[in-house]
Amino acid sequence: MSDPATPKQEESGEHRLRPRPIARPPVDPAMAATFGRPKGVDGSFDLLHSPDTEARPQPVLAPPPPPSLAQAFGRQPGDEGVVLQRPGDDKAEPSDHADEPLWTSDADPWRDPGSPAVLGQPALRGAERVDGDVERPTGPLLSLPELLFGRRVKPTALALLGVLALLVGTAGGAVGWGLAAAGDSLTGELNIAEAEAAKERPAGSVAAIAQKVSPAVVSIEVEAGQSGGVGSGVVIDHEGYILTNHHVVSQASRADDAKLTVVFTDGTRLKGAIVGSDPKTDLAVLKVNVQNPVVIEIGDSDALAAGDRVMAIGSPFGLENTVTEGIVSALNRPVTAPGENGDPPVTYDAIQTDAAINPGNSGGALVDSTGALVGINSMIRTAGSAGEGGSIGLGFAIPINQAIDISDSLVRDGSVKHASLGVNAASVSANTSQGAQVRNVEPNGPAARAGIAEGDVVVKVGDRRVRNAAELTVAVREHEIGQSVPVQVVREGRQLTVDVTLGSD
């Protein structure tokens, strides 16, 4: 609400408002104690305290230095009038009121005249000395020839000098030898235990067998145009006949310009010629013109047993004279492989071994614990899907008894014939029978004449049981051409035995 107007204001027609009362909020005691003026002070400045106008006390001087320090670092008696003077031009005239300078730039420009040490001129160089003595004149320096031969030094002094030098050198050498001999905790003299000059190897050791057999194992290199390969071979005759695999030399047998080289362990390189080959058993015979070659001894593969120790020697991946050791893992293991470049399939009764065999070992030697040849290394089983890779402990070798028979025919006739049943078969496995099922019969062949028909399952040939098609082939080849062999077949669940006169393939 507005205040009522006064009579005067009403007469003048003006309406004025009275001033409002001053509102002072209450002050917090704590804030007033902190930010308020001191007691007795009303204005902005405190006039209760005035500056100190009393006389200030005299500063307390340091005590006088000890007499010893004053004597060492203070001015000496008689130096009270000495003043500092800068080194000036020596040609300038000194002023009347200045004392004689105690030092000049020529004497010692770095001399401090205020130093408490005794003032004086520096020592003089040359013949004159401060004490008045005269320096003795020095003669010319002597060279080594003048010292030794100029007769300017007494022989006795030279002898003493030589003895002294000898003693110093001896002492230095002794100290150096002692330090070198002592060394530290990691150094010292090496004392080794040397073996005997020659190590005796037993007759049946691997090293002894390798030394005996390796000279009879050769490396075979084939070059046919832009392609080629490396394999191994075994010298089986003093006339230079070498037994190897057919697939090692197959390229050379098909190409007229192929180059066949046989490399012996001593580095001798000779040209080889193919005598004959048998693709069905993967064997071939070469001949080289060599004088007195080392010939391997032929063993008996029929005398082997599973677990016998054997060694494989050849050139895997071109690494000549490689020796590996293992055992006979199994015997009479029928294996088959497709032929190369149109050749018929390879099938033989193999010796299985875990001795490491790799590409390049083909055609090499598998020897027994006496060093006798018991097999020709031919193929391996690998873990790769495409047959790539190295040994996984499944190697196969052609028994030497079979290989020698075939090599005799190749050397004699240049070719070889095998016994044949006159059928094509496939492996079967059923509840009623397990063997080789006849798919087709050669017309007027041995099986047809004996009454074997398509669909029959051959389970036994002679005394050998047949479990698959590969085993049927090797069982038939164990017999001679023209030999009559009993063959057991299963026809419609019934077993029949017929006599078959084997023919030739």
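Residues numbered from 1 in each chain as written. Predicted model: local features only at pLDDT ≥ 70, side-chain atom pairs only at ≥ 80, totals over all residues. Heavy atoms only, no water.

S.K.: It is not clear to me how unusual backbone geometry should be interpreted in this structure. Could you clarify?
M.R.: Most peptide bonds are trans, and most residues other than glycine sit at a negative phi. With a phi angle near 55°, Phe-317 is a residue other than glycine that sits in the positive phi range. Inspection of the secondary structure puts Phe-317 in the loop between strand S7 (309-314) and strand S8 (322-337). For Phe-317, a relative accessible area of 58% corresponds to the exposed category. Even without glycine at this site, Asn-444 takes up a positive phi of about 60°. Note that Asn-444 resides in the loop between strand S15 (434-441) and helix H9 (446-450). (Helix = DSSP H or I, 4+ residues; strand = E, 2+ residues; numbered from the N terminus. Buried < 20%, exposed > 50% of the residue type's maximum accessible area, 1.4 Å probe, protein only.)

S.K.: In this structure, what is going on with the nonpolar core? I would like to understand it.
M.R.: Generally speaking, nonpolar side chains in soluble globular proteins are found buried as a group. Within the largest apolar cluster, 31 residues are counted, with the highest numbers of intra-cluster contacts made by Leu-243, Ile-296, Tyr-348 and Leu-373. In terms of residues, this core owes the most to one element, helix H8 (residues 400-413), which gives four residues. In terms of nonpolar packing, the next biggest core, distinct from the first, is built from 21 residues, Leu-421, Val-461, Val-487 and Val-498 among them. (Core = buried A, V, L, I, M, F, W, Y, C linked by side-chain atoms within 4.5 Å.)

S.K.: Any chance you could explain the sheet that holds S8 here in plain terms?
M.R.: In any sheet, the strands associate via hydrogen bonds between backbone groups, in a parallel or an antiparallel arrangement. Reading around the circumference, S7-S8-S9-S12-S11-S10 is the order of the six strands in this closed barrel, with antiparallel pairing throughout. Pairwise comparison of adjacent strand axes, ignoring direction, gives a mean angle of 50° for this sheet. Alignment of strand S11 (residues 373-380) against strand S12 (residues 395-399), held across five bridges, turns out to be antiparallel. When the sheet's bridge partners are listed, Met-379 is paired in S12 with Phe-396. Contacts between helix H6 (residues 206-213) and the sheet are confined to S7, S8 and strand S10 (365-367), with S7 contributing the most and set at about 40° to the helix. Here H8 sits on the sheet in contact with strand S9 (346-353), S11 and S12, set at roughly 50° to S12. (Pairing = 2+ DSSP bridges. Axes fitted to C-alpha atoms, helices over the stretch in contact; angles between N-to-C directions. Contact = heavy atoms within 4.5 Å.)

S.K.: Would you explain the side chain of Ser-232 in this entry?
M.R.: Within the secondary structure, Ser-232 is located in strand S2 (residues 227-235). With relative accessibility at 0%, the residue Ser-232 sits in the buried group. A distance of 2.9 Å separates a polar atom in the side chain of Ser-232 from the backbone nitrogen of Ser-315. Within the local environment of Ser-232, its side chain forms a polar contact with the backbone oxygen of Gly-360, the two atoms lying 2.7 Å apart. (Polar contact = N/O pair within 3.5 Å; in protein donor to acceptor, adjacent residues only side chain to side chain.)

S.K.: Just to check I follow, could you spell out the pattern of salt bridges for this structure?
M.R.: Overall, the coordinates contain ten salt bridges when judged by the stated rule. The salt bridge partner of Glu-297 is Lys-212, with a shortest N-O separation of 3.6 Å. Of this pair, Glu-297 sits in the loop between strand S6 (283-288) and S7 while Lys-212 sits in helix H6, and the two are 85 residues apart along the sequence. For Glu-297, a relative accessible area of 46% gives the class partly exposed. Residue classification places Lys-212 among the partly exposed positions, given a relative accessible area of 41%. Among the ionic pairs, Asp-349 bridges to Arg-464, the shortest N-O distance being 2.4 Å. Of this pair, Asp-349 sits in strand S9 while Arg-464 sits in strand S17 (residues 464-465), and the two are 115 residues apart along the sequence. Arg-464 sits in the buried class, given a relative accessible area of 13%. (Salt bridge = Lys/Arg side-chain N within 4 Å of Asp/Glu carboxyl O.)

S.K.: Is there a simple way to explain the sheet that holds strand S4 (residues 259-263) in this structure?
M.R.: Pairing in this closed barrel of six strands is antiparallel, and the strands run S1-S2-S3-S6-S5-S4 around the ring. Across the sheet, the axes of successive neighbouring strands diverge by a mean angle of 40°, strand direction being ignored. Note that S4 and strand S5 (residues 269-278) share three bridges and pair antiparallel. Bridging across to S5, Val-262 finds its partner in Leu-270.

S.K.: Whenever I open this one, the pairing of S11 confuses me. Can you help?
M.R.: Consecutive side chains along a regular strand alternate between the two faces of the sheet. Within S11, seven of the eight residues are buried, leaving the element largely enclosed by the surrounding structure. Alignment of S10 against S11, held across three bridges, turns out to be antiparallel. By the bridge assignment, Val-367 is partnered in S11 with Leu-373. In textbook terms, the turn of a hairpin is the stretch between consecutive antiparallel strands, and for S10 and S11 this stretch comprises five residues, one of which, Gly-371, has a positive phi near 90°.

S.K.: Any chance you could explain a nonpolar patch on the surface here in plain terms?
M.R.: Together, Leu-144, Leu-148 and Phe-149 make up an exposed nonpolar region whose accessible area comes to about 360 Å². Examined against the element boundaries, Leu-144 turns out to sit in helix H4 (residues 144-149). What makes Leu-144 exposed here is its relative accessible area of 57%. (Patch = residues over 30% accessible without salt bridge, like charges linked within 9 Å, V, L, I, M, F, W, Y side chains within 5 Å. Areas by Shrake-Rupley, 256 points an atom, 1.4 Å probe, with all protein chains shown as cover.)

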